[in-house]
Amino acid sequence: MSEFDYDLFVIGAGSGGVRAARMSAIKGAKVAIAEEYWVGGTCVVRGCVPKKFLVYASAYGKGFTAAKGYGWTAKDVSFDWKTLIDAVHDEVSRLSGIYWKNLSNSGVEIIEDRAVFEDANTIRLVKSDTTITAKHILIAVGGTPARLDIPGDDLAITSNEAFHLEKLPKHVVINGGGYIACEFAQIFAGLGSEVCLVYRGDTVLRGFDDDIRAHIHEELKKFGVRVITHANTVKIEDKGDGMKTVHLDTGDTIDADVVMHAVGRVAKTEGLNLEAAGVETRENGSVKVDEYSKTTADHIYAVGDVTDRIQLTPVAIREGAAFAETVFGNNPTAFDHADVASAVFTQPPVGAVGLTEHQARQKYGKIDIYKSVFRPMKNVLSGSDSRMIIKLVVKADDQRVVGVHMAGDDAPEIIQAAAIAVKAGLTKGQFDATCAVHPTVAEEMVTLREKWTPPELGAS
């Protein structure tokens, strides 16, 4: 008989925790998982899934206008926020139920409670005020939206609350310039809100390729979003009747009925009492782990956003699977975090994998760049002047494609296939040897022949 109540106790039933719990149970471990909110975590409940539904909804408004060029006439078109939000919540509830069912069917005990550490092997369940013990513990609590330490900060919402607004705001101010800020700016603008994006940097989407950043910045403005750069919100003032005034460090003010913070996400470790278990964190609160997701405590592991490696749902899932294989499969497995593709669901959306041009120049010195900026065929009859960009970053000495970056319709769908090529280390010659599918935007990836040279270096 084991000296512990469980072989594995998982704190947090998001994508990474659920995958780890299920696979560990399938391998014969006695597993319990604690979740204080809904099973499914950020992605399913208050992140990428409901957000993409809002992206779809916001794109229809532009679609009705574009359809005129193709002979369609739509009269008396209207939008109802409550209908959309109710439908999104229904789908989120359904998906959360599926996660619950899959856990139960795998033999995992689900505990609806907040779990915190008592010591290295003991967990206290806050709501029931009981303790349990486990041989192994997995921290999978994810992240939470960061806030601004400014006067009136409590008057602002985050992405969490954006899915629960009672009505569509008339004027929204969004603080931030990352992917969440840009996505929600176009969501609200597409649904009819007046939107202002306030960002401290020079252009949006820090961390992405500079050509993509500049492209999306311009597309935001074309979409009707007012973009204010080199500015910080320093105060939010309640004006009454639901209105707020946003004060910037430039001296300017902006009135809005909704102010939203989208200034990044932080690991949700506060209050877990990690120090009692000997689990160390970084300065930003994220849990320190090794390549096998083991923390500084020998039998305690962590996966997903709480580790601040790559904050993406599929990464958390793969880390959770690797954990189960390592601890309960007797097969030490480390997930390879290199060349992980990502998408930004702006309008147009972004797809990216591998190194940016700047990163590649720093790492390899000499590189070749191939890129194309063009008007997609779909936009010709619609009258839209939105452009698409496709860019290949190639290591000069062996011609290996080390980065693919694109912005345009279907970019997230295309980048998944491109990621296979980058991960496999394929060369530009192998891209060129691949026959194009015509007419598509993706064919640009295999038809780019002319190297691009920066203007300051002269024509190639």
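Everything numeric in this text was worked out from a predicted model, so none of it was measured.

What counts, and at which threshold
Within any chain, residue numbers begin from 1 and follow the written order of that chain's sequence. Only residues with pLDDT of at least 70 are given local features in this predicted model, and only at 80 or more are side-chain atom pairs given and counted; all residues enter the totals for whole chains, interfaces and linings. Only heavy atoms go into the side-chain values, all of them from the structure, while hydrogens and water stay out. Every helix listed is a DSSP run of H or I at least four residues long, and every strand listed is a run of E at least two residues long, numbered separately from the N terminus. Here the term buried applies to any residue with accessible area under 20% of the maximum for its type, exposed to any over 50%, and partly exposed to those in between, with areas from a 1.4 Å probe on protein chains only. Two residues form a contact once any of their heavy atoms are found within 4.5 Å. Computed with a 1.4 Å probe, the accessible areas rest on the Shrake-Rupley method; for each residue, only the protein chains presented here act as cover. Charged residues are defined narrowly, with Lys and Arg counted positive, Asp and Glu counted negative, and His plus the chain ends left uncounted. We put the charge of a Lys on NZ, of an Arg on CZ, of an Asp on CG and of a Glu on CD. Ring pairs are drawn from Phe, Tyr and Trp, using the six-membered ring of Trp, whenever the two centres fall within 6.5 Å, and their geometry is named by plane angle: stacked under 30 degrees, edge-to-face over 60, tilted for the rest. Two limits define a charge over a ring: the Lys NZ or Arg CZ must be within 6 Å of the ring centre, and within 35 degrees of the ring normal. Residues with no salt bridge and a relative accessible area higher than 30% make up the patches, which join like charges within 9 Å and nonpolar side chains (Val, Leu, Ile, Met, Phe, Trp, Tyr) within 5 Å. Any carboxyl oxygen of Asp or Glu that lies within 4 Å of a side-chain nitrogen of Lys or Arg is treated as forming a salt bridge with it. Where helices are involved, their axes are fitted lines through C-alpha atoms of the stretch in contact, as for all axes, and angles between N-to-C directions lie from 0 to 180°. Left-handed is the label given to a crossing in which the near helix is rotated counterclockwise from the far helix by less than a right angle, and right-handed is the label when the rotation is clockwise. Side-chain classes are defined by residue name, with Ala, Val, Leu, Ile, Met, Phe, Trp, Tyr, Cys and Pro counting as nonpolar, Asp, Glu, Lys and Arg as charged, and the others, Gly among them, as polar. Only strands joined by at least two bridges in the DSSP assignment are considered to pair. Every helix has an expected span of 1.5 Å times one less than the residues it contains. Nitrogen and oxygen atoms within 3.5 Å of one another constitute a polar contact, given that in protein one can donate a hydrogen and the other can accept it, and given that sequence-neighbouring residues count only through two side-chain atoms. For the purposes of this analysis, a disulfide is any pair of cysteine sulfur atoms at a distance within 2.5 Å.

> Got a minute to help me understand the overall build of the chain in this structure?
Within the chain one finds 13 helices and 21 strands. Taken along the three principal axes of its C-alpha coordinates, the chain extends 70 × 65 × 45 Å. By residue count, 49% of the 460 residues in the chain fall in the buried class. In the chain, once contacts between residues fewer than 6 apart in sequence are set aside, the share between residues at least 24 apart is 62%. When the accessible surface of the chain is summed, it comes to about 21,900 Å², and 50% of that surface belongs to carbon and sulfur atoms. Side chains of the chain give 50 positive and 62 negative charges; the mean places of these two sets differ by 4 Å.

> So what exactly am I meant to see when it comes to the packing of aromatic side chains here?
Working definition: an aromatic ring pair is given by the centre-to-centre distance plus the angle between the planes. Under the counting rule described, the total for this entry stands at six aromatic pairs. A ring pair is formed by F323 and F328, whose centres lie 6.3 Å apart and whose planes are at 80°; its orientation type is edge-to-face. Three or more aromatic residues link up through ring pairs in this structure, and these residues are F163, F184 and F188. Against the face of Y6 rests K30, its NZ or CZ located 5.3 Å from the ring centre. Stacked on the ring of W452, the Lys or Arg K371 has its end atom at 3.8 Å from the ring centre.

> Would you take a moment to explain a nonpolar patch on the surface for this structure?
Residues F53, Y56, Y60, F64 and V77 make up a contiguous nonpolar surface patch of about 520 Å² in total accessible area. Owing to a relative accessible area of 47%, V77 belongs among the partly exposed residues under this scheme.

> Any chance you could explain the packing of helix 3 (residues 48-67) against helix 4 (residues 81-105) here in plain terms?
Helix-helix packing is described using two parameters, namely the angle between the two axes and the distance between the axes. At a closest axis distance of 10 Å, the pairing of helix 3 and helix 4 adopts a crossing angle of 150°. The two elements helix 3 and helix 4 cross, and the hand of that crossing is right-handed. Where helix 3 approaches helix 4, its residues V49, P50, F53, L54 and A57 are matched on the opposing element by L84, I85, V88, E91, V92 and L95. Classifying every residue of the contact of helix 3 with helix 4 gives ten nonpolar, no polar and one charged.

> I keep staring at the pattern of salt bridges and nothing clicks. Help me out?
Any two side chains of opposite charge can pair, so long as their charged atoms come close to each other. A complete count under the given rule lists 26 salt bridges for this structure. For D368, the salt bridge identified is with K451, shortest N-O distance 3.6 Å. In this pair, D368 sits in strand 19 (residues 367-374) while K451 sits in the segment after helix 13 (444-447), placing the two residues 83 residues apart along the sequence. Put simply, R449 and D432 hold a salt bridge, and the shortest N to O gap is 3.0 Å. Of this pair, R449 sits in the segment after helix 13 while D432 sits in helix 12 (residues 428-432), and the two are 17 residues apart along the sequence. Each of D209, D211, E357, R361, K371 and K391 takes part in one network of salt bridges that share partners.

> Please explain the sheet that holds strand 9 (residues 194-198) as it appears in this structure.
Two modes of strand pairing occur in sheets, parallel and antiparallel, and in both the strands are linked by backbone hydrogen bonds. Read from one edge of the open sheet, four strands run 10-9-8-14, paired in parallel fashion. In this open sheet, the two strands that pair with only one neighbour each are strand 10 (226-228) and strand 14 (258-261). With strand direction ignored, the average angle separating the axes of adjacent strands in the sheet is 20°. Of the pairings in the sheet, the one linking strand 8 (residues 171-175) to strand 14 comprises four bridges and is parallel in character. Note on strand 14: the bridge partner recorded for V172 is V258. Each of strand 8, strand 9 and strand 14 is contacted by helix 6 (residues 179-191), which is oriented at about 165° to strand 9, the strand it contacts most.

> It is not clear to me how helix 7 (residues 210-222) should be interpreted in this structure. Could you clarify?
Within an α-helix, residues lying three or four positions from one another point in the same direction, as the helix has 3.6 residues per turn. Along its 13 residues, helix 7 runs 19 Å from first to last C-alpha, staying within 8% of the 18 Å computed at 1.5 Å per residue. Of the residues making up helix 7, those classed as buried are I212, R213, H215, I216, H217, E219 and L220. Residues of helix 7 that are buried in the fold lie against helix 6, strand 9, strand 10, strand 18 (350-354), strand 20 (388-395) and strand 21 (401-407). The opening residue of helix 7, the one whose side-chain oxygen lies 3.0 Å from the backbone nitrogen of D211, is D209. Positive backbone phi, approximately 105°, marks G224, located one or two places after helix 7.

> Explanation requested: the state of the cysteines in the structure shown.
Disulfides are covalent bonds that link the sulfur atoms of two cysteine residues. Under the counting rule described, the total for this entry stands at one disulfide. Here C43 connects covalently by a disulfide to C48, the sulfurs 2.3 Å from one another. Because the torsion about its S-S bond is -125°, the bridge between C43 and C48 counts as left-handed. Overall, the relative accessible area of 32% leaves C48 in the partly exposed class. Take C196: it sits in no disulfide, and the sulfur closest to it among the cysteines is that of C182, at 13 Å. Residue classification places C196 among the buried positions, given a relative accessible area of 1%.

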